[in-house]
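Residue-level structure breakdown
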Amino acid sequence: MTVAKGLEGVVALTSEISSIVDGVLTYRGYNIDDLADQSTFEEVAFLLWFGRLPSKAELDQLHQELDQHAALPDVLLQQMKAYPKNVHPMSVLRTAVSSLALYDEEADDQSSEANRRKAVKLTAKIPTIITAFARIRQGLEPVQPKAGLGFAGNFLYMLNGEEPSEVAVKALDKALVLHADHELNASTFAARVTTGTLADMYSAITAAIGALKGPLHGGANEQVMATLEQIGSIDRIESTIQAKLDNKEKIMGFGHRVYKDGDPRAKHLREMSRQLSQQKGDTLWYDMSVKIDKLVYEKKGLKPNVDFYSASVYTYLGIPRDLFTPIFAMSRITGWTAHVMEQYANNRLIRPRAEYTGLTNQSYIPIDQR
Ligand SMILES: CC(=O)SCCNC(=O)CCNC(=O)[C@H](O)C(C)(C)COP(=O)(O)OP(=O)(O)OC[C@H]1O[C@@H](n2cnc3c(N)ncnc32)[C@H](O)[C@@H]1OP(=O)(O)O
Ligand SMILES: O=C([O-])CC(=O)C(=O)O
């Protein structure tokens with residue numbers, strides 16, 4: 001047996017959802033650069049789920065459905081109020097999404113119609129879960145979702161309790177477009193492995209959220225901000241990064257399993273960070289990020305991934321650091337659910353092999369003789 005450690009380079013399945021070829025990322029054949037500049041998150045959600053861009057009427061309907069399903073069951077809100085306040089919001093999201101299944105009568109209905117409805121329901125409710133917990137842990141009442149604000153706008157409204165600026169909505173919307181899908185990344189793979197057993201969509205998404213949480217995957221965006229805060233000033237960058245490299249620590253937000261010459265999403269986030277920093281009149285995080293970007297390339301030949309500049313973007317939007325990965329999930333739910341539906345439509349159990357390297361020919365010794 002030859003082992004591909006971390007399954008590097010292994011083509012595990014076929015998919016029509018997103019592709020990475022020669023460093024170019026496309027969703028359903030549309031270049032991410034075009035989508036980032038011209039589409040909206042809701043449009044991208046439709047594209048990922050249905051394989052084509054929506055008509056105006058279809059997009060209006062999706063907006064309405066997302067608004068209609070955004071509220072949480074009261075019983076879940078009550079449970080969330082009893083959660084410990086100091087836990088990570090990704091743990092809350094994982095638990096709350098798993099709980100949602102208990103209150104969805106069609107949780108175990110695996111028809112394609114039910115799965116499409118569940119994809120919308122999950123997408124609609126995740127921002128409400130994130131923002132409800134963000135407020136509950138501060139001793140505040142959750143803000144009920146408000147129809148008509150759009151997905152990104154409603155998230156910011158529920159987080160802060162006031163209607164957001166157009167600049168903030170546009171920036172978050174673009175970040176959501178950029179995070180919506182990414183071929184067979186670890187969390188999507190987790191979702192597809194779970195679906196491969198014919199388990200339900202909530203189980204698959206719970207697994208995916210768990211996989212996204214890790215700092216080698218979605219959790220890196222929070223760690224990028226932790227690094228920026230730890231460094232704190234431009235003059236401490238060189239020594240801190242050098243010390244991390246000497247200690248063989250990973251520099252968070254750099255490197256990628258697939259992109260060896262840069263992540264096409266990073267340039268959009270870098271530009272957003274630049275613009276937001278200027279609007280804020282505080283360019284420290286952006287300036288530090290640019291310097292780290294240059295330094296890590298000079299020292300290690302590594303380029304930033306999607307998580308690097310998203311950290312300063314979210315910070316400029318006033319979002320607490322531990323909500324960065326939940327925001328990633330709030331976008332990637334569209335990709336995950338598209339992959340779950342694709343897996344059901346052409347399923348085969350996903351079950352690779354392991355090369356056994358443990359002990360052999362052991363003789364059993366009864367317990368009283370050990
Ligand atoms: C949304 C996303 O999931 S994007 C990725 C988010 N994760 C991060 O930003 C965490 C930091 N990055 C990493 O840990 C890695 O680059 C990963 C997990 C993204 C990819 O991992 P792999 O494909 O397994 O690459 P691997 O870890 O084998 O790295 C190859 C070499 O580059 C080095 N390297 C890779 N990334 C980094 C990094 N961020 N900092 C320092 N060195 C790095 C490794 O140490 C290794 O060096 P070596 O050959 O001298 O041992
Ligand atoms: O594809 C990956 O391995 C990680 C990634 O960039 C993503 O999920 O967006």
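Residues numbered from 1 in each chain as written. Chains lettered and ligands numbered in written order. Predicted model: local features only at pLDDT ≥ 70, side-chain atom pairs only at ≥ 80, totals over all residues.

1. What to know about the overall build of the protein
- Scanning the protein for helices and strands turns up 16 helices and three strands.
- The C-alpha radius of gyration of the protein comes to 21 Å, within 12% of the 21 Å expected for a compact globule of 370 residues.
- Projected onto the principal axes, the alpha-carbon positions of the protein cover approximately 70 × 55 × 45 Å.
- Split into buried and exposed, the 370 residues of the protein put 44% on the buried side.
- In the protein, of all internal contacts separated by at least 6 residues, the share reaching a separation of at least 24 is 75%. (Helix = DSSP H or I, 4+ residues; strand = E, 2+ residues; numbered from the N terminus. Rg over C-alpha atoms; globule rule 2.2 N^0.38 Å. Buried ≥ 20, exposed ≤ 12 C-beta atoms within 10 Å, placed from the backbone. Contact = placed C-beta atoms within 7 Å.)

2. Quick notes on the confidence of the model for the protein
- Confidence in the prediction of the protein, expressed as mean pLDDT, is 98, and 100% of residues score 70 or more.
- Interface confidence for the predicted complex, given as ipTM, is 0.98, next to a pTM of 0.98. (pLDDT = per-residue confidence, 0-100.)

3. Some thoughts on the domain arrangement of the protein
- The domains assigned to the protein are domain 1 (14-214 + 329-345) and domain 2 (220-316).
- Taking the mean C-alpha position of each, domain 1 and domain 2 sit 26 Å from one another.
- Facing 13 residues of domain 1, the contacting portion of domain 2 comprises 14 residues.
- Contributing elements (two or more residues each) for the side of domain 1 that touches domain 2: β2 (24-27), α1 (32-38) and α8 (166-179). (Domains from an automatic or database assignment.)

4. Concerning helix α11 (residues 220-231)
- Between its first and last C-alpha, α11 extends 16 Å over twelve residues, near the 16 Å set by a 1.5 Å rise per residue.
- Of all the positions in α11, only Ala-220, Asn-221, Glu-222, Gln-223, Val-224, Met-225, Thr-227 and Leu-228 are classed as buried.
- In this structure, the buried side of α11 is in contact with α14 (284-300), α15 (306-316) and α16 (324-345).
- Following α11 by one or two positions, Gly-232 adopts a phi angle in the positive range, close to 80 degrees. (Expected span 1.5 Å × (residues − 1).)

5. Some details on the nonpolar core
- The biggest cluster of nonpolar side chains holds 99 residues, and the ones touching the most others in it are Leu-93, Leu-172, Ile-205, Ala-208 and Val-313.
- The dominant element in this core, judged by the number of residues it contributes, is α16, at ten residues.
- Composition of this core by domain shows at least three residues from each of domain 1 (14-214 + 329-345) and domain 2 (220-316). (Core = buried A, V, L, I, M, F, W, Y, C linked by C-beta atoms within 7 Å.)

6. Topic: the site of ligand 1
- Of all residues adjacent to ligand 1, which total 18 residues, the nearest are His-217, Ala-220, Phe-254, Gly-255 and Arg-257.
- The residue inventory of the shell around ligand 1, partitioned by class, reads seven nonpolar, seven polar and four charged. (Near = placed C-beta within 6 Å. Nonpolar A, V, L, I, M, F, W, Y, C, P; charged D, E, K, R; others polar.)

7. Let's talk about the site of ligand 2
- Within the structure, ligand 2 sits among His-182, Asn-185, Arg-257, Val-258, Asn-305 and Val-306.
- Of the residues contributing to the shell around ligand 2, the split by class is two nonpolar, three polar and one charged.

8. Remarks on the packing of helix α9 (residues 186-196) against helix α10 (residues 201-212)
- Interhelical geometry of α9 versus α10 gives an angle of 150 degrees and a closest axis separation of 8 Å. Accordingly, the angle class assigned to the pair α9 and α10 is roughly antiparallel. In the packing of α9 onto α10, the handedness of the crossing is right-handed. The residues of α10 that touch α9, namely those facing Ala-186, Ser-187, Thr-188, Ala-190, Ala-191, Thr-194 and Thr-195, are Ser-203, Ala-204, Ile-205, Ala-207, Ala-208, Ala-211 and Leu-212.
- For the contact of α9 with α10, the per-class residue count stands at nine nonpolar, five polar and no charged. (Axes fitted to C-alpha atoms, helices over the stretch in contact; angles between N-to-C directions. Parallel < 35°, antiparallel > 145°, perpendicular 65-115°, else oblique. Left-handed = near helix turned anticlockwise from the far one by under 90°.)

9. Considerations on the environment of Glu-106
- Looking at the element boundaries, Glu-106 is found in the loop between α5 (89-100) and α6 (112-136).
- Taking the number of C-beta atoms within 10 Å as the measure of exposure, Glu-106 has 16 and is therefore partly exposed.
- Counting along the chain gives eleven residues from Glu-106 to Arg-117, while the straight-line C-alpha distance between them is 9.1 Å.
- Not counting residues up to four positions away in its chain, the partners in contact with Glu-106 are Ala-114, Arg-117 and Lys-118.

10. What to know about α10
- The terminal C-alpha atoms of α10 lie 16 Å apart, and with twelve residues this matches the ideal 16 Å at 1.5 Å per residue to within 8%.
- Looking at the buried positions of α10, the neighbouring elements they touch are α5, α6, α9 and α16.

11. Considering the pairing of strand β1 (residues 18-21)
- Direction of pairing for β1 relative to β2: antiparallel, over a ladder of four bridges. By the bridge assignment, Ile-20 is partnered in β2 with Leu-25. (Pairing = 2+ DSSP bridges.)

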